[in-house]
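# Structural overview
Single-letter residue listing:
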Amino acid sequence: MAIATVPGPTFAQPTMTAEARASQAALDSLADRLGYRYEVVDNGPECPAEVENCFLATITLTVPGDIEGGFADRGLALYFGFVNRLPLVESDIFRHELVNGDLQRLTLKPGASLAPGSTHVIKLWGLGSNFSSAFAMPNAYLMADGLEARTIAATRPVVDPDTGLEELPFVAPMTDEARLATRGGEDRTQWLTAERAFAVQADRIAPAASGIAILPRPAEVTVNAGARLDISRGVTLSIAGAEAAALEPALAALARAGAAQEGETPLSIVVDDGSELPDEGYRLRISGEGVEIVAGSVAGASHALRSLAQQVAFDEGRLAQMTITDAPAYGFRGLHVDLGRNFHGRDQLLKLVEAMAAFKLNRLHLHLAEDEGWRIEIPALPELAAIGSERCHDPAEARCLLPQLGAGPDRGDAVDGYLTTQDYIAIVRAADARGIEVIPSIDMPGHSRAAIVAMEARHDRLVAEGRPEEAARYRLIDPADTTSYRSIQNYDDNTLNVCLPSTYRFVDTVVDALADMHREAGVPLRTFHLGADETAGAWVESPACQSMIAEVGGDARELTPLFIEGVSASLAEKGLQAGGWSDGMGHTDAARMPDNAQTNIWSVLHTGAIREAHDQLNRGWDVVLSIPNLGYFDMPYAPHPEEGGYDWATRGVDTHQVFGFMPDNLPANAALIANIQATPQIIADEPVLQPGHRIAGLQAQLWSETIRTDAEMDYMLFPRLLALAERAWRPAAWAPAYRAGETYGWQDARVDRDALAEEWRDFAGRVAAQWPLLDAIGVAYRVAPPGARIAEGQLKANSVFPGTRIEYRVGDGEWRAYDGPVTVDSAVSLRSRSADGTRTSRTVHVEPAG
């Protein structure tokens, strides 16, 4: 079936006079040469009287001494991103104004100018904190009347040639731990310096893998006596119960590992849905005669081949005789990728699909629309992609959305774009071939600014063409609504009006278009995720909503649950499961929701996760744990100013914490995970979980506010995603059984920490064994910096994972391989190197004691 496309809008380019070209050249020169420095000064200062809960940052502008003019009469404006609320800006020459979201504007005060050779320090009193340099947004830009906006060159990001990661050279180093690590009070957070990392890692030192290197570790492994089976000369394949094409990606992975087809070793695969094996389960037997696989489904057979491929690569084709019986602990093992804030394209997603399959993950949740961007082509509504997918400096937003999150003023930036219908179809097909279900997500009614702007552009175009009735068909706002609100992300116009028939027509059109794409891919759409979270106080003054409230009773707070219930019912009529985030889903009336609703629990462990998870499990819904302390991989690996990511939920989620999580006993996690202030906190078991309910599974999340490159995405996901894959496949042996009402203190003895330590060492060895596989797929996984200390003149260093190569240098000397303790008498820099030798970690520094 061909998907019909409606022609999209076209945009004319303006022309310039000679005078304007001269002014443009002057602006270009200023943008190219203006000095720009962002510095976080204090995360716990004494706040001005008009600001509470503040931090202080500064922007320092240095004007070249030979610049032409100060633009005092040209309406000069400086635009920059600042993601925190910014109630007070102090400047000698600038006035401040919030544009929308994180986009801020500075304009010259009357009589002020950027005088040649001048320096201006602008004080930014923001709400909250900036604990990491990642909060700074790149691509600040200048604009003047009648001219084209120009990015300030000093604010452009660059890529570090050693780490392969983006850097922001305009951000001042954050070195004063006393002023910058916490906001004071009860916060005990410390930066994970090299010395502290050395101490933490000393208790987690792991040997290299031996015997079984498969990840996730199989449920049962029996190693049998007998000579090793040499599979390096390839296999002779026989398959019963399935077509070879259904197993092609897994067979290709086996060939890459060193066991190609058309070889000598018999490989028998039997898919028997009548076997005693559970869905996705398999039995793998390696004997002196060959390899036998029995599975209850194609997915189970694929998992068996992936396990075999990992072991073949580890043993270099000479396999010990063994029997593996395996099946997952949870049926839902997912990865959520946010394409809305910053776009990542088809090739990156196809790479992730292969990596997911390698470690037996089976749900890819694609977040396709946000305030900052619409990322999927909907043929009937071309403005969604043509306008909603791009950010540029267009105050009218007729060509694009205004820049957010450091996107810059020009269309076509790498952080923008969208998936065409053919891109999406290719991803769905590739995922299905690897046993992965794609779950599309369009967040609504909040987080919908890109859709609203695009549909307003459609409306205006059709009105200009004399087609007002058609213009109104997909309008998402009530033009008579005078409600004033600000969303959590600081937008005043990002919420669909849920009282308009045109809004529901829009939702139906988008869902049907996605269903058409799945149908063309040969993979029916099963689940649609409508978001349903973080709706600000909209609609109060909307005449359409006042009429609806009068009809149904209640007040504006009832409208979001009614919207979720209505859309969920519509999805059920289409044969689709409705998914949503737990806050919005929890406000609905369970009696008006489909029985099979899927909900993602995203509250923080210590502040609401148990309440939401147990309440929604007790409703009988499919509950997926997306708890930030377990699976928000946009959070930093550790509390350190050079580790990227937002930190509103936790100051650090390292691989060990993900591995140690206990999904079936949420209160018990208080024994292992402190709260956001690094303070132990008992978690009440309220409400208690009723018997007969269990979570559907786990999902990792990668929100992309600070993730602008594919390399950064890989860094934030891996190796943490391997720990989540392990936990979603294999129960936590150290977890006590859940007992209603029981709570747990810090390091509670009922949590078997010896078992956790033992299994961590085994896991860490198996992670290190997977580096070559990730290298082959093209995943730029995180290379963790070493821990190190200097004591009694001896430099000692250690690593998170066994076999990691460490390099050091004294002062500005040459980098050397670290092979053991080294005698030093001055400061030392250290870094780790990836298994393939192409990338390094960030550099850490240690000094002699005293």
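In short, a report on the structure. (Residues numbered from 1 in each chain as written. Predicted model: local features only at pLDDT ≥ 70, side-chain atom pairs only at ≥ 80, totals over all residues. Heavy atoms only, no water.)

Across its full length, the protein chain carries 21 helices and 36 strands. Taken over the C-alpha trace, the protein chain has a radius of gyration of 28 Å; the compact-globule value for 850 residues is 29 Å, and the two agree within 12%. If you line up the protein chain on its principal axes, its C-alpha atoms span 90 × 75 × 55 Å. A burial count over the protein chain gives 59% of its 850 residues as buried. When contacts within the protein chain are restricted to residue pairs at least 6 apart in sequence, long-range pairs at least 24 apart make up 75% of them. A total accessible area of about 32,300 Å² is found for the protein chain, and carbon and sulfur atoms account for 48% of it. Where the 72 positive side-chain charges of the protein chain centre and where its 117 negative ones centre are 3 Å apart. (Helix = DSSP H or I, 4+ residues; strand = E, 2+ residues; numbered from the N terminus. Rg over C-alpha atoms; globule rule 2.2 N^0.38 Å. Buried < 20%, exposed > 50% of the residue type's maximum accessible area, 1.4 Å probe, protein only. Contact = heavy atoms within 4.5 Å. Areas by Shrake-Rupley, 256 points an atom, 1.4 Å probe, with all protein chains shown as cover. Lys, Arg positive; Asp, Glu negative; His and termini not counted. Charge placed at Lys NZ, Arg CZ, Asp CG, Glu CD.)

Looking now at the pairing of strand E14 (residues 235-240). Bridge analysis of E14 against strand E15 (residues 265-271) gives six bridges, and the strand direction is parallel. Looking at the pairing, Leu-237 lines up with Leu-267 of E15. Regarding topology, helix H4 (residues 248-257) serves as the crossover connection from E14 to the parallel E15, and that connection is left-handed. (Pairing = 2+ DSSP bridges. Right-handed = clockwise from strand over helix to strand, strands pointing away.)

Attention now goes to helix H6 (residues 346-358). Helical periodicity: at 3.6 residues per turn, an α-helix aligns residues three or four positions apart in one direction. Across its 13 residues, H6 extends 19 Å between first and last C-alpha, which sits within 8% of the 18 Å expected from 1.5 Å per residue. Within the span of H6, buried status applies to Gln-348, Leu-349, Lys-351, Leu-352, Val-353, Glu-354, Ala-355, Met-356, Ala-357 and Ala-358. At the exit of H6 stands Lys-360, carrying a positive phi of roughly 65 degrees. (Expected span 1.5 Å × (residues − 1).)

Once that is clear, we can look at the sheet that holds strand E5 (residues 94-100). Pairing is antiparallel across the open sheet formed by five strands, whose spatial order is E5-E6-E3-E8-E9. Each edge of the open sheet is held by one strand with a lone partner, namely E5 and strand E9 (150-151). Pairing geometry for E5 and strand E6 (residues 103-108), over six bridges, is antiparallel. Directly across from His-96, in E6, lies its bridge partner Leu-106.

This brings us to the nonpolar core. In this structure, Trp-374, Phe-506 and Leu-625 are the most contacted members of the largest nonpolar core, which totals 146 residues. Residue contributions to this core peak at nine residues, all from helix H11 (residues 501-521). Beyond its immediate sequence surroundings of up to four residues, Leu-625 is in contact with Ile-601, Ala-613, Leu-630, Phe-661, Pro-663, Leu-666, Ile-695, Gly-697, Leu-698 and Gln-699. Within the second largest apolar cluster, 42 residues are counted, among which are Leu-34, Leu-61, Val-63 and Leu-106. (Core = buried A, V, L, I, M, F, W, Y, C linked by side-chain atoms within 4.5 Å.)

Applying the stated criterion to the full structure yields 19 aromatic pairs. Measuring from centroid to centroid gives 5.9 Å for Phe-55 and Phe-82, while their planes differ by 10 degrees, and the two rings are stacked. Placement of the pair is Phe-55 in strand E2 (residues 54-62) and Phe-82 in the loop between strand E3 (77-81) and strand E4 (88-90), with a sequence separation of 27 residues. The class of Phe-55 is buried, set by a relative accessible area of 0%. A residue is classified by how much of its surface remains accessible, and Phe-82, at 3% relative accessible area, is buried. Chaining the aromatic ring pairs together yields one cluster made of Phe-659, Trp-734, Trp-760, Phe-763, Trp-771, Tyr-781 and Phe-801. Above the face of the Phe-659 ring, Arg-727 is positioned so that its terminal group lies 4.9 Å from the ring centre. The ring of Tyr-744 carries the charged tip of Arg-750 above its face, separated from the ring centre by 4.1 Å. (Phe/Tyr/Trp six-rings, centres within 6.5 Å; stacked < 30°, edge-to-face > 60°. Lys NZ or Arg CZ within 6 Å of the ring centre and 35° of its normal.)

To continue, consider the pattern of salt bridges. Considering all chains together, one arrives at 57 salt bridges under this definition. Glu-97 serves as the salt-bridge partner of Arg-105, at 2.7 Å between the closest nitrogen and oxygen. Take Glu-97: its relative accessible area is 39%, and that puts it in the partly exposed class. Between Arg-449 and Glu-397 there is a salt bridge; the shortest N-O distance is 2.7 Å. Placement of Arg-449 in helix H9 (residues 449-464) and of Glu-397 in the loop between helix H7 (383-386) and helix H8 (421-433) is noted, with a sequence separation of 52 residues between them. What makes Glu-397 buried here is its relative accessible area of 10%. Through salt bridges with shared partners, one network takes in Asp-338, Arg-341, Glu-370, Glu-372 and Glu-705. (Salt bridge = Lys/Arg side-chain N within 4 Å of Asp/Glu carboxyl O.)

Strand pairing in a sheet is mediated by backbone hydrogen bonds. Such pairs are either parallel or antiparallel. Pairing in this open sheet of four strands is antiparallel, and the strands run E33-E32-E35-E36 from one edge to the other. Edge positions in the sheet fall to strand E33 (816-818) and strand E36 (844-846), since each has one partner strand and no second. For this sheet, the mean inter-axis angle between neighbouring strands, taken without regard to orientation, is 40 degrees. In this structure, strand E32 (residues 805-810) lies alongside E33, joined through three bridges in antiparallel fashion. Opposite Ile-806, over in E33, you have Tyr-818 as the bridge partner. (Axes fitted to C-alpha atoms, helices over the stretch in contact; angles between N-to-C directions.)

Helix H13 (residues 559-573) packs onto H11 with a crossing angle of 40 degrees between their chain directions and a minimal axis gap of 11 Å. By the criterion of interaxial angle, the relationship of H11 to H13 is oblique. Crossing hand, H11 versus H13: right-handed. Where H11 approaches H13, its residues Thr-503, Tyr-504, Val-507, Asp-508 and Val-511 are matched on the opposing element by Phe-563, Val-567, Ser-570 and Leu-571. Classifying every residue of the contact of H11 with H13 by side-chain character gives six nonpolar, two polar and one charged. (Parallel < 35°, antiparallel > 145°, perpendicular 65-115°, else oblique. Left-handed = near helix turned anticlockwise from the far one by under 90°. Nonpolar A, V, L, I, M, F, W, Y, C, P; charged D, E, K, R; others polar.)

Let us look at the packing of H6 against H8. At their nearest, the axes of H6 and H8 sit 10 Å apart, and the two run at 5 degrees to each other. Classed by the angle they form, the pair H6 and H8 counts as roughly parallel. When H6 is examined against H8, the residues Arg-346, Leu-349, Leu-350 and Val-353 are found in contact with a partner set consisting of Gln-422, Asp-423, Ala-426, Ile-427, Ala-430 and Ala-431. For the contact of H6 with H8, a count of residues per class yields seven nonpolar, one polar and two charged.

Tracing the backbone shows Gln-310 in helix H5 (residues 298-314). Judged by its relative accessible area of 6%, Gln-310 falls in the buried class. A polar contact is formed between the side chain of Gln-310 and the backbone oxygen of Ala-358, at a distance of 3.0 Å. (Polar contact = N/O pair within 3.5 Å; in protein donor to acceptor, adjacent residues only side chain to side chain.)

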